[in-house]
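If you want the building blocks of each chain, they are given just below.
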Amino acid sequence: MEDVGDTNPLHAGDAPLVPGLEILEAALSREEICRAARVELRFHGASFAGEMVSVQVRSL
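Residues numbered from 1 in each chain as written. Predicted model: local features only at pLDDT ≥ 70, side-chain atom pairs only at ≥ 80, totals over all residues. Heavy atoms only, no water.

### A look at the layout of surface pockets
Our working rule: For cavity detection a 1 Å grid was placed over the protein atoms alone, and a set of points counts as a cavity when a 1.4 Å probe fits there but cannot get out; an open set counts as a pocket when protein lies on both sides within 12 Å along at least five of seven lines, with lining residues being those that have an atom within 4 Å of a point. Grid points are joined across faces, edges and corners, and a volume is the space filled by probe spheres set on the points. Secondary structure elements are taken from DSSP: a helix is a run of H or I of four residues or more, a strand is a run of E of two residues or more, and numbering for both begins at the N terminus. Classification used: nonpolar for Ala, Val, Leu, Ile, Met, Phe, Trp, Tyr, Cys and Pro, charged for Asp, Glu, Lys and Arg, polar for all others including Gly.
Here the largest pocket is characterised by a volume of approximately 920 Å³. Along the wall of the largest pocket there are 26 residues; nearest its centre are Glu40, Leu41, Val55, Gln56 and Val57. At the level of secondary structure, the elements contributing two or more residues to the lining of the largest pocket comprise α1 (20-28) and α2 (31-34). Taken together, the residues that form the lining of the largest pocket break down as 14 nonpolar, six polar and six charged.

### Topic: the environment of alanine 36
Condition: Each residue's exposure class comes from its accessible area (1.4 Å probe, protein chains only) as a fraction of the maximum for that residue type: buried when under 20%, exposed when over 50%, partly exposed otherwise.
Mapped onto the elements of the fold, alanine 36 is located in the segment after α2. Residue alanine 36 is classed as partly exposed on the basis of its relative accessible area, which comes to 37%. It is 9.5 Å that separates the C-alpha atoms of alanine 36 and valine 57, two residues lying 21 residues apart in sequence.

Here it is in structure tokens:
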């Protein structure tokens, strides 16, 4: 988070939370998501560094 100047202590330390914008940026790097006319991101809990995050893609 130092690269972007994030000083939030929740995003640092031994078990840092991953900022939602970082997850969105990673999701948008996926072709099937970046082609979508609309993207909706819902968080169902905290995401910690090193954990796997699952993404569900649905066409409406």
